[in-house]
Protein chains: 4
Amino acid sequence: MDTRRTFIKQGSLLGVAGIINPLEIFAQPKLKETSKEKTKWSDGSRMVVSISMQFESGGQPENAESPFPQNLEAGYKDLPAETWYQYGYKEGIPRMLDNWDKLGIKVTSHMVGTAVLKNPDLAKEVVDRGHEAAAHGMNWSSQYNLSYEDEKKFIKDGAEAIKKTTGFNPVGYNANWLRRGENTLDILQELGFKYHIDDLSRDEPFIIQVKNKDFVVVPYTLRCNDILLIEGKSFSTDQFFNQVKAEFDQLYEESEFKKRQLSISFHDRIGGSPQMVKTAYDLVRYIQKHKGVSFKRKDEIAEMTLFDKLTIKD
Amino acid sequence: MDTRRTFIKQGSLLGVAGIINPLEIFAQPKLKETSKEKTKWSDGSRMVVSISMQFESGGQPENAESPFPQNLEAGYKDLPAETWYQYGYKEGIPRMLDNWDKLGIKVTSHMVGTAVLKNPDLAKEVVDRGHEAAAHGMNWSSQYNLSYEDEKKFIKDGAEAIKKTTGFNPVGYNANWLRRGENTLDILQELGFKYHIDDLSRDEPFIIQVKNKDFVVVPYTLRCNDILLIEGKSFSTDQFFNQVKAEFDQLYEESEFKKRQLSISFHDRIGGSPQMVKTAYDLVRYIQKHKGVSFKRKDEIAEMTLFDKLTIKD
Amino acid sequence: MDTRRTFIKQGSLLGVAGIINPLEIFAQPKLKETSKEKTKWSDGSRMVVSISMQFESGGQPENAESPFPQNLEAGYKDLPAETWYQYGYKEGIPRMLDNWDKLGIKVTSHMVGTAVLKNPDLAKEVVDRGHEAAAHGMNWSSQYNLSYEDEKKFIKDGAEAIKKTTGFNPVGYNANWLRRGENTLDILQELGFKYHIDDLSRDEPFIIQVKNKDFVVVPYTLRCNDILLIEGKSFSTDQFFNQVKAEFDQLYEESEFKKRQLSISFHDRIGGSPQMVKTAYDLVRYIQKHKGVSFKRKDEIAEMTLFDKLTIKD
Amino acid sequence: MDTRRTFIKQGSLLGVAGIINPLEIFAQPKLKETSKEKTKWSDGSRMVVSISMQFESGGQPENAESPFPQNLEAGYKDLPAETWYQYGYKEGIPRMLDNWDKLGIKVTSHMVGTAVLKNPDLAKEVVDRGHEAAAHGMNWSSQYNLSYEDEKKFIKDGAEAIKKTTGFNPVGYNANWLRRGENTLDILQELGFKYHIDDLSRDEPFIIQVKNKDFVVVPYTLRCNDILLIEGKSFSTDQFFNQVKAEFDQLYEESEFKKRQLSISFHDRIGGSPQMVKTAYDLVRYIQKHKGVSFKRKDEIAEMTLFDKLTIKD
């Protein structure tokens, strides 16, 4: 914030003087270089991009919401909707895994416990190929409305399913539809988690105090999230491309003097479609052309955030 | 899946070695050529595209859902909505038939029994021009909630209407809004059908066992389906073009080493509009520029799928 | 239809022979020229485009639907929504009138009786500038649910308001949301109307028998209608442009051998916005670059349709 | 209006003569130059663009509507939705402020009283950087349904919160969702306000009589408003760009002979996202390339409108 305020004060003075065009100031940023820190990330990155790959299909409740008309008579199974979800693990995750390899990047996979148990080999493959497994609750259901003990069990069971299946001990958390309750962060701290993502308030990670200890928030996104294609029913892949590209362009410019993170999210049965994987490929390739941008798993981002704080304190 | 897993294991080893960039591996696929089968379709196609042309208008129930506001007072007929449906057979199917001829492709037409009886000459013309007639139920209504016998009659009557009218004996099936019930596949097997399409789980056809006999699933699509233009109310034809193009681009790349099928769907009163026929024309022309892609009727795809299995068994 | 069928039969034969590529046939249409009539419109036009300009604002009922949230407490007036409607006559119609002049075209204006009485000078100006005034009911309300006599009065009063105000005697009719009732056509015939537009079934005008006399249907459109921008809430002007352009491209190609009409519709408070008028301008300019296309008022189209029939009879 | 009518009469005469093509008239506007006033704004601007930056986040009621599914169980807080709102003041306003500086323009910020009290430093910074603070009610709630005295207090308290916090005395008003009541304008006049924006009826400011004194209306917009991205759920930033660009293009052309104003609106938590700030930047840069366009705060527009009237009276 300091950098911004400094800039403001200068701008105001100049404005009062009425002589120097603010646009010229912008065109000559070198004059103020000494008051700005060029690189904000401890690993030397100018900017960080974090991709989520939601591992949820197979764990959905019976007759879960889908693109099919929600008018099924009571007492029947929504059989085609089930096949829409199956696509997530039969095509979606495998295709995305190939795409990340092709692009040479690692992502964070938020895994629902029941989805992991349904497809343990695929879950393990995600981890074996170098991606982070993060917890996403034991079931595909709300947790904000559970008692403290029930919620703790809900979180712990999900994490253990991941650990047992993939060998990866999750340190990050994502609640169903981001809806954590009043106790969630305390429970996560107790269980040894290092970060959660259920926060949309910033374009950079930050540290909060939970039970008097540091806890990292790695912000998530709704607008760079493939859920738009389902929720809006008329968001198309080219709109998604253009929108995320604009998001990156702005953050990249800001990242010269500010710590900036871009979060992008894909769900197995949506982001795993050919059209979305192609779109993700084009987006990542576009981003990779920019100097100083690195793709990070969210556990890496959390670590860097904690490390940066320690460094700053020195 | 084997090919993918082989690739994964190699990738992991290389990743551990930390020397070879995964992108370089991708750029030199010839090294692994021996472990990959180049062509997956028995007719030599690299990839198959299957188009559906839904023959439904005229068979809709009174005051069926339409783009008009759904606020008609009880006791009245929705006269303009009826003309919206009439467009399907007066302009839609004839225009699409001309388009397929122009493009030199054959498609699969899922026909509602009552729609066939309403416009028998047009239904026959579809078949006379070389397209496949597939069954789509006797009426435009749900079947998942029928008794075994009622559903069997529902399916059989629809198939017989097609057979009697067009001379074509349907071997493929599509349920209303894809909503089959628990008995549907058994009934289809009993009645001699060879495949159904009410499954979104894969980008390639596959064989399942129904009553201990092979039955083919030729997967369908919601995202490359013109129903998007009606359901979403704000999906435009250029969005449709871009989205299906992206879908093809990805599947085509994958098709070098994998059996891939692209499914596209058009409904008489929606996909038969001038704007959508132009869009379909542009899409097919774009796809036809790619080597090794063939457009197939779904009965041909089912046949090839069964043949491939036999070949693989040898 | 004859032309199409002839083509089909040829196509089938060729298909059986299996020698000639259907695409080559298409590339050499001159061979079949003798069996096709090149021009289908009596005035020599290859294709006709008809634009509607709905004159409705000011005639809407209190608290009529608008883009504002529909959650107003009972007993209050929706004041900002009223200004949204005022835009229709304060900016929308005047801007569109200037645009039509600039483009050198005449359109058909469907006028609600109460809207005409609210802004008589503007209604007269529409006619004075060469456009057609068509009737659109006395009030902005449903008529399909009225008794025969009430509906007759409803239609007649609206037509008389137009006649008295503008001097133009309307011969065309458009019902609220196209929803005519079972008696509407009979009443229109009795009152001396020559055509109605509440039909979406064709891309060309046609004649029906009403009370044993000819009555013309000049088909309307929902998909090339600016109402999409309001109904869908997320249809943008560039989508509208692309969609109508695709519609024209296809119809223009068909128009070489077939009577084709493109209908486009604008509403005062929607299509009269700067962004839509710019879009309409670009669309019309694009269309005007194509040889043989003429822009016609719907009364002219109805006249030509009746004349063509007489000519054909000869 | 005179100019338009004069043009019309000429057009009609020419039309009757049938000799001169209206398009030629348009191509030679110099002939009529004497009857047109070239510049309509008192400061010499050809056209004025006014941007709003809604300062609302932090002032929203508990569990206010957000992009999250509106299905929260009663008795719980919507915690992720709160972070969505926090984005407005943590990232949105600061980013937009930097953008306006970069672009060298000043905007009008409609501020909810409770939002100002929640983030007084940020509110002051808006004013310190040269922007206008306008009133937007004490709370984020309806006022059309309040009694005269309650509404007066509601408006006054909000204005005083702004005055006390920023030092800026607001002269402009915007009601929640533009929904003023029957008493609102009287109250605003009593309290010394000079203009309000809750009117969509024109593309230029105008003067109305309130309690027998001049009061300015500076029209607002829904279609060039980032609320589209939330309300429609599938409006993307590129659609927004294209739509506002088309709006400007048309108004700029009209502005040669007519007083034209373009209004664009951004909300802290929506328009403050990177993708929208990038889009706003591109739009403003595009507009700035056009000669004679100036960006004005709405208080400046109101002043000019009053001054123009006085000038015209002379």
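Residues numbered from 1 in each chain as written. Chains lettered and ligands numbered in written order. Predicted model: local features only at pLDDT ≥ 70, side-chain atom pairs only at ≥ 80, totals over all residues. Heavy atoms only, no water.

Q: How would you summarise the interface of chain A and chain B if you had to cite specific residues and measurements?
A: Taken together, the 40 residues of chain A in the interface contact 42 residues of chain B. Taken over both partners, the interface formed by chain A and chain B buries close to 3,700 Å², and the fraction arising from carbon and sulfur atoms is 53%. When residues of chain A are sorted by the area they lose upon contact with chain B, L79, K102 and Q275 of chain A head the list and together hold 16% of the total. Among the ionic pairs, D78 of chain A bridges to R179 of chain B, the shortest N-O distance being 2.8 Å. Every element with two or more residues in the side of chain A that touches chain B is listed here: α3 (79-103), α5 (120-128), α9 (237-254) and α11 (274-288) of chain A. Among the elements that line the side of chain A that touches chain B, the one with the most residues is α3 of chain A, at 14 residues. Of the residues in the side of chain A that touches chain B, the class split is 14 nonpolar, 10 polar and 16 charged. (Contact = heavy atoms within 4.5 Å. Buried area = accessible area lost by both parts, 1.4 Å probe. Salt bridge = Lys/Arg side-chain N within 4 Å of Asp/Glu carboxyl O. Helix = DSSP H or I, 4+ residues; strand = E, 2+ residues; numbered from the N terminus. Nonpolar A, V, L, I, M, F, W, Y, C, P; charged D, E, K, R; others polar.)

Q: Can you explain the UniProt feature "domain: NodB homology" (unreviewed entry) in chain A? Please cite residues and give values.
A: If you check UniProt for "domain: NodB homology" (unreviewed entry), the listed places come out as residues 78-296 of chain A in our numbering. Across residues 78-296 of chain A, helical content stands at 49% and strand content at 15%; the span's end C-alpha atoms are separated by 38 Å. (UniProt positions renumbered as here; feature names shortened; annotations may be inferred.)

Q: Describe the pattern of salt bridges, with residues and values.
A: The final tally for this structure, using the stated rule, is 116 salt bridges over all chains. Residue D308 of chain D is joined to K259 of chain D by a salt bridge in which the shortest nitrogen-to-oxygen separation is 2.5 Å. Of the two residues, D308 of chain D is situated in helix α12 (residues 298-313) and K259 of chain D in the loop between α9 (237-254) and β8 (261-267); the sequence distance between them amounts to 49 residues. Residue classification places D308 of chain D among the buried residues on the basis of a relative accessible area of 8%. Owing to a relative accessible area of 14%, K259 of chain D belongs among the buried residues under this scheme. One salt-bridge network, in which partners are shared between bridges, spans E91 and R95 of chain A together with R202, D203, E204, R223, E247, E254 and R260 of chain B. (Buried < 20%, exposed > 50% of the residue type's maximum accessible area, 1.4 Å probe, protein only.)

Q: How would you summarise the packing of helix α3 (residues 79-103) of chain D against helix α11 (residues 274-288) of chain D if you had to cite specific residues and measurements?
A: The description of two helices packed together rests on the angle between their axes and the distance between the axes. Residues and elements named next belong to chain D. The contact between α3 and α11 brings their axes to 10 Å, and the two run at 20°. Classified by the angle between their axes, α3 and α11 sit roughly parallel to one another. The handedness of the crossing between α3 and α11 comes out as right-handed. The segment α3 lies against α11, with Y87, R95, M96, N99, W100, K102 and L103 engaging P274, V277, A280, Y281, V284, R285 and Q288. Along the lines of polarity and charge, the residues of the contact of α3 with α11 split into nine nonpolar, two polar and three charged. (Axes fitted to C-alpha atoms, helices over the stretch in contact; angles between N-to-C directions. Parallel < 35°, antiparallel > 145°, perpendicular 65-115°, else oblique. Left-handed = near helix turned anticlockwise from the far one by under 90°.)

Q: How would you sum up the relation of the copies chain D and chain A? Please name residues and give values.
A: Mapping chain D onto chain A is achieved by rotating through 90° and translating by 0.0 Å along the same axis, at an RMSD of 0.0 Å. These values place the two chain copies in the arrangement generated by a four-fold rotation axis. Among all residues of chain D, the minimum C-alpha distance to the rotation axis is found for S234 of chain D, at 4.1 Å. In this assembly, only 8% of the residues forming the interface of chain D have copies in chain A that are likewise at the interface, indicating a heterologous arrangement. (Least-squares fit on C-alpha atoms with pLDDT ≥ 70 in both.)

Q: Report on the interface of chain D and chain A, specifying residues and quantitative values.
A: Contact with chain D, which involves 40 residues of that partner, is made by 42 residues of chain A. Between chain D and chain A, a total of about 3,700 Å² is buried, with carbon and sulfur atoms accounting for 53% of that surface. Three residues, L79, K102 and Q275 of chain D, lead the burial of chain D against chain A; their summed loss comes to 16% of the area buried on that side. Put simply, chain D and chain A have seven salt bridges between them. For R202 of chain A, the salt bridge identified is with E91 of chain D, shortest N-O distance 3.7 Å. At the surface where chain D touches chain A, the tally comes to 21 residue pairs in polar contact (both at pLDDT 80 or more). At the level of elements, α3, α5 (120-128), α9 and α11 of chain D are the ones that each hand at least two residues to the side of chain D that touches chain A. With 14 residues, α3 of chain D is the largest single contributor of residues to the side of chain D that touches chain A. Residue composition of the side of chain D that touches chain A, grouped by class: 14 nonpolar, 10 polar and 16 charged. (Polar contact = N/O pair within 3.5 Å; in protein donor to acceptor, adjacent residues only side chain to side chain.)

Q: Before we move on, could you go through the environment of S142 of chain D and cite the residues and values that matter?
A: As for its placement among the helices and strands, S142 of chain D is situated in the loop between β3 (132-135) and α6 (148-166). Spatially, the C-alpha atom of S142 of chain D lies 7.7 Å from that of A175 of chain D, the residues being 33 residues apart in sequence.

Q: Which residues make up the pairing of strand β6 (residues 206-210) of chain D, and what values go with them?
A: Residues and elements named next belong to chain D. Looking at chain direction, β6 and strand β7 (residues 213-217) are connected through five bridges and run antiparallel. The partner of I208 across the bridge, within β7, is F215. The antiparallel hairpin formed by β6 and β7 contains two residues in its connecting segment, where K211 sits at a positive phi of about 50°. (Pairing = 2+ DSSP bridges.)

Q: Can you break down the packing of aromatic side chains residue by residue, with the values?
A: The final tally for this structure, using the stated rule, is 36 aromatic pairs over all chains. Ring plane angle 75° and centroid distance 5.8 Å describe the contact between Y173 of chain C and F193 of chain C, whose orientation is recorded as edge-to-face. Taken together, the positions of Y173 of chain C in strand β4 (residues 172-173) and F193 of chain C in the loop between α7 (184-190) and β5 (195-196) put the pair 20 residues apart, joining distant regions of the chain. On the basis of relative accessible area, F193 of chain C is assigned to the buried category, the value being 4%. Here the aromatic cluster, defined as three or more aromatic residues joined through ring pairs, consists of W84, Y85 and W140 of chain A. The ring of W41 of chain B carries K259 of chain B above its face, with NZ or CZ at 5.0 Å from the centroid. The ring centre of F206 of chain D lies 5.4 Å from the NZ or CZ of R202 of chain D, which sits over that ring. (Phe/Tyr/Trp six-rings, centres within 6.5 Å; stacked < 30°, edge-to-face > 60°. Lys NZ or Arg CZ within 6 Å of the ring centre and 35° of its normal.)

Q: Can you explain empty space enclosed by the protein? Please cite residues and give values.
A: For the coordinates displayed, the defined rule picks out two cavities of 30 Å³ or more. In this structure, the largest cavity spans a volume of roughly 520 Å³. Lining the largest cavity are 33 residues; nearest its centre among them are P67, W84 and I230 of chain C together with L222 and R223 of chain D. At the level of secondary structure, the elements contributing two or more residues to the lining of the largest cavity comprise α3 (79-103), α8 (227-231) and α10 (274-288) of chain C together with α8 (227-231), α9 and β8 of chain D. Its residues placed into classes, the lining of the largest cavity shows 19 nonpolar, seven polar and seven charged. (1 Å grid on protein atoms, 1.4 Å probe; cavity = no way out; pocket = protein on both sides within 12 Å on 5 of 7 lines; lining within 4 Å. Points joined across faces, edges and corners; volume = space filled by probe spheres on them.)

Q: Residues and numbers for the nonpolar core, please.
A: All names here are of chain A. Counting residues in each nonpolar core, the largest one holds 84 residues, and the members touching the most others are W100 and L262. For this core, the leading source of residues is α3, giving nine residues. With near-sequence residues (within four places) excluded, W100 lies in contact with I51, M53, I105, V107, H131, F266 and A280. (Core = buried A, V, L, I, M, F, W, Y, C linked by side-chain atoms within 4.5 Å.)

Q: Any chance you could break down the packing of α9 of chain A against α11 of chain D for me, citing the residues and the numbers?
A: Where α9 of chain A contacts α11 of chain D, the axes come no closer than 7 Å and their chain directions differ by 85°. In terms of orientation, α9 of chain A lies roughly perpendicular with respect to α11 of chain D. Across the interface between the two elements, Q243, A246, E247, D249, Q250 and L251 of chain A from α9 of chain A touch P274, Q275, V277 and K278 of chain D from α11 of chain D. Within the contact of α9 of chain A with α11 of chain D, the residues separate by chemical class into four nonpolar, three polar and three charged.

Q: Quick one: what's the story with the relation of the copies chain A and chain B, residue by residue and with numbers?
A: Superposition record for chain A on chain B: RMSD 0.0 Å, screw rotation 90°, translation along axis 0.0 Å. Counting the interface residues of chain A, we find that no more than 8% of their copies in chain B are interface residues as well, pointing to two distinct contact surfaces.

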